[in-house]
Amino acid sequence: MTSSLTPLPQSRHLATAIPGPRSQALHGERQAHVTDGFGIALPVFIDRADGGILQDVDGNRLIDFASGIAVTSIGASNPRVRERVAAQLERFTHTCFMVTEYESFTQVAKWLNEHTPGDFEKRTALFSTGAEAVENAIKIARSATGRSKVLVFDEAYHGRSLMTMAMTAKENPYRLNFGPFPTEVVRAASANPLRPAASATATNDDGVPASGADVAAAALASVEATLADHGAESFAAMVIEPIQGEGGFIVPAPGFLKGLREIATKHGIVLVIDEIQAGMGRTGTLFASEHEGIAGDMTLSAKALADGVPLSAVTGRADLMNAVHAGGLGGTYAGNPLACEAALAVFEAFEDGTLLANARAIEATAREVLEPLVAETEVVAEFRGRGAMLALEFADRGTLEPRADLAKEISGRCHAQGVLTLTCGTYGNVIRLLPPLVISDELFRDGLAVLRQAIVDVASGRNATTAEAAAPALA
């Protein structure tokens, strides 16, 4: 499909203050018509997006370090996605796969069966949202095992539906005022290297800080104790993110995920790997669990799976996936044909390995620019992540007292300078970086320079005017 639009310049440009007058007017209209229950990271209205740039209605070009929360990994207007979706629009938009079938649904399932980790026969079910994928994985695990309980972890995020809210750890804003929640959900310790659970000792007997292996071992012992307390034989599923997203982009201590794999196998519990945010190339491998050398009995995909067209998937062992009675799975929009065509375009984009190499290069560049801030400031507690799923945690040195105020201020300064960043974390003290995998090195470095300067200025107490004056010149 040939576009009539001129390609967007891949450079940062401020035509107005952020937000500009047109965005402000549209935001006022939003407030008059849209529920206040929807939050907003940056109140600008986007007119176009391409590569690593978001262009707003006032003509500002913002560097995109969000990708729609890890969704538009191959760009928000990828030509092949547009081409395949447009061709499908000409044929039909919907039939419902449970009523009459179409080939693209099967082709998406086939690709996922072939590429999802696990050396076993697989089957795939397609849905629309990540929360749907999580809930259906629980349904499948319960059907296959005849058990009911679900084990989840500290700092987990799994969605906004009632079941997934019960599985999510963070109270505000996700669970606040929405209970009661479904029962049979049990929470266990995670293996956060920076902030070990109370059950995972922070130091060895000689006072030396615990190693990652120590943190993992203590957390795994706590998981076993939790299972024993609640009856391991009553658990249908154990659900874990290979990198915890909303919890703060936490990479688990080495050995923790392998240990969970062993525990799940020992007790006959279905291990569900939630790759909704970390999967589809985001961490430099197709699936983040590949870094750990493990495979879930079921793996969940969504977000970047169809580059912005709603699609999610549960891919798992054939015996588990086929344990559900006919008609037990589905949904009116599950595996919509437009979304399936978009996913097939995404799969094409990954064929030559360039996108995975780009993710690894993004990590290398970010580490070069940002990781030294851990030693250079008193407030950057950790730089962490894999590939293009990276984060900075802000806390006072020594006490590790979370500094959500700093994360908010730094992110706000970036916004004012035309760099879109997002915050996250259990304490709201983490800035996360999710640039599109197609962002150019030059543009990425420009955005990193703005972020770095904002951190240095806030850490040293410089005011916003000084920070803006020190920012790189705009194209």
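Residues numbered from 1 in each chain as written. Predicted model: local features only at pLDDT ≥ 70, side-chain atom pairs only at ≥ 80, totals over all residues. Heavy atoms only, no water.

Chemist: What am I meant to see in the packing of aromatic side chains here?
Modeler: For any two aromatic rings, the description comes down to two numbers: the centre-to-centre distance and the angle of the planes. Summed over the entire model, instances satisfying the criterion amount to eight aromatic pairs. Centroid distance phenylalanine 153 to phenylalanine 256: 6.0 Å. Interplanar angle 85°. Geometry classified as edge-to-face. Here phenylalanine 153, found in strand β5 (residues 149-153), pairs with phenylalanine 256, found in helix α8 (residues 256-267); they are 103 residues apart in sequence, far enough to count as distant. A single burial state applies to phenylalanine 153 and to phenylalanine 256, both of which are buried. (Phe/Tyr/Trp six-rings, centres within 6.5 Å; stacked < 30°, edge-to-face > 60°. Helix = DSSP H or I, 4+ residues; strand = E, 2+ residues; numbered from the N terminus. Buried < 20%, exposed > 50% of the residue type's maximum accessible area, 1.4 Å probe, protein only.)

Chemist: Can you walk me through the environment of proline 117 in this structure?
Modeler: With respect to the secondary-structure elements, proline 117 resides in the loop between α4 (103-115) and β4 (122-127). Overall, the relative accessible area of 12% leaves proline 117 in the buried class. Here the alpha-carbon distance between proline 117 and glycine 335, two residues 218 residues apart in the chain, equals 21 Å. If we skip the residues at most four places from it in the chain, proline 117 touches Lys122, Phe287, Ser289, Glu290, Ile294 and Ala295. (Contact = heavy atoms within 4.5 Å.)

Chemist: Quick question: what am I supposed to make of the sheet that holds β4 here?
Modeler: Strand pairing in a sheet takes place through backbone hydrogen bonds and is either antiparallel or parallel in direction. Read from one edge of the open sheet, seven strands run β4-β10-β9-β8-β7-β5-β6, paired in mixed fashion. One side of each edge strand has no neighbouring strand; the edge strands of this open sheet are β4 and β6 (185-188). Taken over all neighbouring pairs, the strand axes of this sheet differ in orientation by 20° on average, direction set aside. Relative to β6, β5 is paired through four bridges, and the arrangement is parallel. Across the sheet, the residue bridging to leucine 151 is valine 186, located in β6. In the packing of α8 onto the sheet, contacts are made with β5, β7 (235-240) and β8 (270-274), and the angle to β7 comes to roughly 170°. (Pairing = 2+ DSSP bridges. Axes fitted to C-alpha atoms, helices over the stretch in contact; angles between N-to-C directions.)

Chemist: Teacher, can you tell me more about the environment of glycine 28 here?
Modeler: Mapped onto the elements, glycine 28 comes out in helix α1 (residues 21-33). C-alpha of glycine 28 to C-alpha of proline 43: the two residues are 15 residues apart in sequence and 9.9 Å apart in space.

Chemist: Whenever I open this one, the environment of arginine 187 confuses me. Can you help?
Modeler: Counting through the fold element by element, arginine 187 comes out in strand β6. The class of arginine 187 is partly exposed, set by a relative accessible area of 28%. Through-space distance from the C-alpha of arginine 187 to that of methionine 238 is 9.9 Å; in sequence the pair is 51 residues apart. Excluding residues that lie within four positions of it along the chain, arginine 187 makes contacts with Val152, Phe153, Asp154, Ala156, Ala166, Met167, Thr168, Ala169, Arg175 and Thr226. Looking at arginine 187, its side chain comes within polar contact range of the main-chain oxygen of phenylalanine 153, at 3.1 Å. Here the side chain of arginine 187 touches methionine 167 through a polar contact of 3.1 Å, landing on its backbone oxygen. (Polar contact = N/O pair within 3.5 Å; in protein donor to acceptor, adjacent residues only side chain to side chain.)

Chemist: Explain the side chain of aspartate 297 to me, please; I cannot follow it from the model alone.
Modeler: By the element assignment, aspartate 297 lies in the loop between β8 and β9 (298-301). The class of aspartate 297 is buried, set by a relative accessible area of 7%. Within the local environment of aspartate 297, its side chain forms a polar contact with the side chain of arginine 261, the two groups lying 3.0 Å apart. At 2.7 Å, the side chain of aspartate 297 and the side chain of arginine 317 are in polar contact.

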